[in-house]
Amino acid sequence: QVQLVESGGGLVQAGGSLRLSCAASGRTFSSYAMGWFRQAPGKEREFVATITSSGGSTYYADSVKGRFTISRDNAKNTVYLQMNSLKPEDTAVYYCATKKNVYATPDYWGQGTQVTVSS
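All values reported here derive from a predicted model rather than from experimental measurement.

How each quantity is defined
- Residues numbered from 1 in each chain as written.
- Predicted model: local features only at pLDDT ≥ 70, side-chain atom pairs only at ≥ 80, totals over all residues.
- Heavy atoms only, no water.
- Helix = DSSP H or I, 4+ residues; strand = E, 2+ residues; numbered from the N terminus.
- Rg over C-alpha atoms; globule rule 2.2 N^0.38 Å.
- Contact = heavy atoms within 4.5 Å.
- Areas by Shrake-Rupley, 256 points an atom, 1.4 Å probe, with all protein chains shown as cover.
- Lys, Arg positive; Asp, Glu negative; His and termini not counted.
- Charge placed at Lys NZ, Arg CZ, Asp CG, Glu CD.
- Core = buried A, V, L, I, M, F, W, Y, C linked by side-chain atoms within 4.5 Å.
- Buried < 20%, exposed > 50% of the residue type's maximum accessible area, 1.4 Å probe, protein only.
- Patch = residues over 30% accessible without salt bridge, like charges linked within 9 Å, V, L, I, M, F, W, Y side chains within 5 Å.
- Salt bridge = Lys/Arg side-chain N within 4 Å of Asp/Glu carboxyl O.
- Phe/Tyr/Trp six-rings, centres within 6.5 Å; stacked < 30°, edge-to-face > 60°.

**Structural notes on the overall build of the protein chain**
Right, on to step 1. The helix and strand tally for the protein chain stands at 0 helices and 10 strands.
Right, on to step 2. A compact globule built from 119 residues would reach a C-alpha radius of gyration of about 14 Å, and the protein chain, at 13 Å, matches this within 12%.
Right, on to step 3. Projected onto its principal axes, the C-alpha coordinates of the protein chain cover approximately 40 × 25 × 25 Å.
Right, on to step 4. Taking the contacts inside the protein chain whose residues are at least 6 apart along the sequence as the reference set, 55% of them involve residues at least 24 apart.
Right, on to step 5. Carbon together with sulfur atoms contributes 48% to the accessible area of the protein chain, which is approximately 5,900 Å² in total.
Right, on to step 6. Side chains of the protein chain carry 12 positive and 8 negative charges; the gap between the two charge centres is 4 Å.

Given below as structure tokens:
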């Protein structure tokens, strides 16, 4: 069993920045990949970014490439999502999830954190 707790969401103006954190417990954090996903009102949940277990490789959705950065600190059992140049269309609930590898379907999910970008 894995517990994931996201934090760092909030209200920000367009062009601003936020840093999301996801703290994990219950399994060996460094053994699995992590991902960030988001769900806007009335839309399906979508992929944002993913990172390998070692942190050596990262992958992004085209919509956030160049603006968002995923990273992890295995010593702190935490994965981060640095979001810069935020746009109103980034407004969503953001979720972190564990993955067996970067290509796998997520297995455990956090409860989500709300990000609202005002224009």
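The rest of the description comes next.
**What about the nonpolar core?**
Right, on to step 1. Counting 29 residues, the largest nonpolar core has Met34, Trp36, Leu81, Met83 and Tyr94 as its most contacted members.
Right, on to step 2. Among the secondary structure elements, those contributing two or more residues to this core are β3 (18-25), β4 (33-39), β5 (46-51), β7 (68-73), β8 (78-83), β9 (92-99) and β10 (113-118).
Right, on to step 3. Per-element tally for this core: the top contributor is β3, with 4 residues.

**Quick notes on the environment of Ala92**
Right, on to step 1. Its location among the elements puts Ala92 in strand β9.
Right, on to step 2. Of the residues examined, Ala92 reaches a relative accessible area of 1% and is grouped as buried.
Right, on to step 3. A sequence separation of 30 residues divides Ala92 from Asp62, and the C-alpha atoms of the two residues are 17 Å apart.

**A few points about a nonpolar patch on the surface**
Right, on to step 1. Residues Phe47, Tyr59 and Tyr103 make up a contiguous nonpolar surface patch of roughly 350 Å² in combined accessible area.
Right, on to step 2. Tracing the backbone shows Tyr103 in the loop between β9 and β10.

**Observations concerning the packing of aromatic side chains**
Right, on to step 1. Here the structure, examined in full by the defined rule, presents 5 aromatic pairs.
Right, on to step 2. Pairing Tyr59 with Tyr103 gives two aromatic rings, centres 6.4 Å apart and planes at 50°, and the pair type is tilted. Pair noted here: Tyr59 is in strand β6 (residues 58-60) and Tyr103 is in the loop between β9 and β10, with a separation of 44 residues, a long-range link.
Right, on to step 3. Exposure remark for Tyr59: the relative accessible area of 36% places this residue in the partly exposed category.
Right, on to step 4. Here Tyr103 falls in the exposed class, since its relative accessible area comes to 70%.
Right, on to step 5. Each ring, one from Tyr95 and one from Trp109, has its centre 6.3 Å from the other, and the planes form 85°; the classification is edge-to-face.

**Some points on the pattern of salt bridges**
Right, on to step 1. Counted under the stated rule, the structure contains 5 salt bridges.
Right, on to step 2. In this structure, the salt-bridge partner of Arg38 is Glu46, at a minimum N-O distance of 2.6 Å.
Right, on to step 3. Classification of Arg38 as buried rests on a relative accessible area of 6%.
Right, on to step 4. For the salt bridge of Asp90 with Arg38, the shortest nitrogen-to-oxygen distance reads 2.9 Å.

These values are about where atoms sit, not about what they do.
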